[in-house]
Amino acid sequence: MKKAFFLCAVITLGLLAYGTYQGLVVAPREETMGEAQRIFYYHVPAASSAYMLFFINFVASIVYLCKRSARADAVAIAAAEVGLVFATVTLALGMIWARYAWGRWWAWDSRLTTFLVLWLLYVSYRVLRRSAEAGSTAVLAAALAIMVFIGVPLNYMANRWFRTNHPQPVTLDDPRMKFALLSAMIAFLAFALLLLWFRYHLERIAQELIGAYIRNATHGVMTSLALPAILLYQLPTEIELHHQRTFMYGGYIVAWTIYLSYVLLLVFKLNRLQKEAMSQGVALT
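Some remarks on helix α3 (residues 70–102)
Residues lying three or four places apart along an α-helix face the same way, a consequence of the helix completing one turn every 3.6 residues.
Argument step 1. Spanning 33 residues, α3 covers 46 Å between terminal C-alpha atoms, matching the ideal 48 Å at 1.5 Å per step.
Argument step 2. The element α3 is extensively covered by neighbouring structure, given that 25 of its 33 residues are classed as buried.
Argument step 3. Looking at where α3 begins, the residue whose side-chain oxygen comes 3.3 Å from the main-chain nitrogen of Arg71 is Ser69.
Argument step 4. Phi turns positive, to about 80°, at Gly103, one or two residues after α3.

Here it is in structure tokens:
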């Protein structure tokens, strides 16, 4: 299992590096948004990954209600938590994009507002799941997850059904842009599934620790990490180009700060679980 996970992690890292290279270097500069448009290659994959993870949470919650499967419950918890990470990245990059495109950090249009509501609903799900470890709490959380999922298709269709400042579904004319987006989508979907696998493993360990409850797992890890790919650029000389790249760099740095902080959080949680398992004499699988 460890070898398979390590292999998948190496493959995912390669996909992320390749997708980032396609988005930052190979894809041509967009005429309207300029360099700031490159946030698109992280923003859309993050939103798509969040949708996928919330769908997994939805299915796992149904399975749990039907079979009371501990594995299904672990999948639901892991999918919701990792989905929230990607949803947080989506919101953060959307705000950076809005600041450049509309001149303000937040606009109360239908797409942004429904996504914020969706984010808050899944935060509520996580709060409910962590409020207690009793079986009734898991049942209530599973029922909530099923109802909350209706917000996913609502948010996806919001810019089609309602008046909104958010761009309509984008059709990329340049094949290099399409390939860059496809590369980023594949990379971040793989990254999301890898984090889901890791988080599921941690949840299964926690379930094996009879009566053990880890209460400090949500403490944030503050870090500032940037992509090495940023070094591929020379310092811009034009003021407007510098402005565009400032937003682009800001989006990429914010995204990876959130992602890597969450990875560090999972590693710290794994260490705590291992120490507690040793103290209680529980053999981890």
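Section: the nonpolar core
Argument step 1. One finds Tyr41, Phe86, Tyr122 and Tyr259 to be the most contacted residues of the largest nonpolar core, which totals 72 residues.
Argument step 2. Mapped by element, the contributors of at least two residues to this core are α1 (2–26), α2 (40–67), α3, α4 (110–131), α5 (135–148), α7 (175–208) and α8 (239–280).
Argument step 3. The leading source of residues in this core is α3, at 17 residues.
Argument step 4. Each residue touching Tyr122, except ones within four places of it in the same chain, is listed here: Phe54, Asn57, Ala80, Leu84, Ala145, Val148, Phe149 and Val152.

A look at the packing of aromatic side chains
Argument step 1. Within the structure shown, the criterion is met by 20 aromatic pairs.
Argument step 2. With a centroid separation of 6.3 Å and 35° between ring planes, the pair formed by Phe55 and Phe58 is classed as tilted. Placement of both Phe55 and Phe58 in helix α2 is noted, with a separation of 3 residues, approximately one turn of the helix.
Argument step 3. Ring geometry for Phe191 and Trp256: centres 5.7 Å apart, planes at 40°, overall tilted. Here Phe191, found in helix α7, pairs with Trp256, found in helix α8; they are 65 residues apart in sequence, far enough to count as distant.
Argument step 4. Its relative accessible area of 8% is what places Trp256 among the buried residues.
Argument step 5. Chaining the aromatic ring pairs together yields one cluster made of Tyr42, Phe86, Phe188, Phe191, Tyr252, Trp256 and Tyr259.

Focus on the pattern of salt bridges
Argument step 1. Tallying each qualifying case throughout the model produces 4 salt bridges.
Argument step 2. A salt bridge links Arg126 to Glu81, with the nearest nitrogen and oxygen atoms 2.8 Å apart. Remark: Glu81 occurs in helix α3 and Arg126 occurs in helix α4; sequence separation between them is 45 residues.
Argument step 3. Under the relative-accessibility criterion, Arg126 is labelled buried at 8%.
Argument step 4. Judged by its relative accessible area of 13%, Glu81 falls in the buried class.
Argument step 5. We note a salt bridge from Glu203 to Arg199, for which the minimum N-O separation is 2.9 Å. Taken together, the residues span about one helical turn, with Glu203 and Arg199 both in helix α7 at a distance of 4 residues.
Argument step 6. Taking the relative accessible area as the measure of exposure, Arg199 reaches 1% and is therefore buried.

Details of a nonpolar patch on the surface
Argument step 1. Together, Tyr18, Phe179, Leu182 and Ile186 make up an exposed nonpolar region whose accessible area comes to about 380 Å².
Argument step 2. Top element by residues in the nonpolar patch is α7. It accounts for 3 residues.
Argument step 3. With respect to the helices and strands, the residue Ile186 is situated in helix α7.

Brief notes about the packing of α3 against α4
Argument step 1. Remark: α3 packs on α4, axes separated minimally by 10 Å, with the N-to-C direction vectors making an angle of 150°. By the angle between their directions, the pair α3 and α4 is classed as roughly antiparallel. The chirality of how α3 crosses α4 is left-handed. When α3 is examined against α4, the residues Asp73, Ala76, Ile77, Ala80, Glu81, Leu84, Ala87, Thr88, Thr90, Leu91 and Trp102 are found in contact with a partner set consisting of Leu112, Phe115, Leu116, Trp119, Tyr122, Val123, Tyr125, Arg126 and Arg129.
Argument step 2. Each residue belonging to the contact of α3 with α4 can be placed in one class, and the counts come to 14 nonpolar, 2 polar and 4 charged.

How each quantity is defined
- Here the residue numbering is sequential within each chain, running from 1 through the sequence in written order.
- Per-residue local features are limited, in this predicted model, to residues with pLDDT of at least 70; the limit for side-chain atom pairs, both in listing and counting, is 80 or more; totals at the level of whole chains, interfaces and linings are taken over all residues.
- Only hydrogens and water are set aside; all other atoms, that is, all heavy atoms of the structure, feed into the side-chain values.
- Comment: elements are numbered from the N terminus, with helices defined as DSSP H or I runs of at least four residues and strands as E runs of at least two.
- Helix span is expected to be 1.5 Å times the residue number reduced by one.
- Only protein chains enter the accessibility calculation, which uses a 1.4 Å probe. A residue is then buried if its area is under 20% of the maximum for its type, exposed if over 50%, and partly exposed in between.
- Between N or O atoms, a polar contact is any pair within 3.5 Å; within protein, one atom must be a potential hydrogen donor and the other a potential acceptor, and residues adjacent in sequence are included only when both atoms are from side chains.
- Buried residues of nine kinds, namely Ala, Val, Leu, Ile, Met, Phe, Trp, Tyr and Cys, make up a nonpolar core once their side-chain atoms join them within 4.5 Å.
- Contacts are residue-level and defined by heavy atoms, with any inter-residue pair within 4.5 Å sufficient.
- Here the aromatic set is Phe, Tyr and Trp, taking the six-membered ring for Trp, and pairing holds for ring centres within 6.5 Å; pairs whose planes are under 30 degrees apart are stacked, those over 60 apart are edge-to-face, and all others are tilted.
- Within this document, salt bridges are pairs made up of a side-chain nitrogen of Lys or Arg and a carboxyl oxygen of Asp or Glu, the two lying within 4 Å of each other.
- Patch rule: a residue counts if its relative accessible area is over 30% and it has no salt bridge; like charges are joined within 9 Å, and nonpolar side chains (Val, Leu, Ile, Met, Phe, Trp, Tyr) within 5 Å.
- Per-residue and other accessible areas were derived by the Shrake-Rupley procedure at a 1.4 Å probe size, with only the shown protein chains allowed to occlude residues.
- Angles shown run from 0 to 180 degrees and are taken between the N-to-C directions of axes, each axis being a line fitted to C-alpha atoms and, for helices, limited to the stretch in contact.
- Oblique is the label for any angle not under 35 degrees, not over 145, and not in the 65 to 115 range, which are roughly parallel, roughly antiparallel and roughly perpendicular in turn.
- Rotating anticlockwise by less than a right angle from the far helix to the near helix defines a left-handed crossing, while the corresponding clockwise rotation defines a right-handed one.
- In the scheme used here, Gly and all other residues not listed as nonpolar or charged are polar, with Ala, Val, Leu, Ile, Met, Phe, Trp, Tyr, Cys and Pro taken as nonpolar and Asp, Glu, Lys and Arg as charged.

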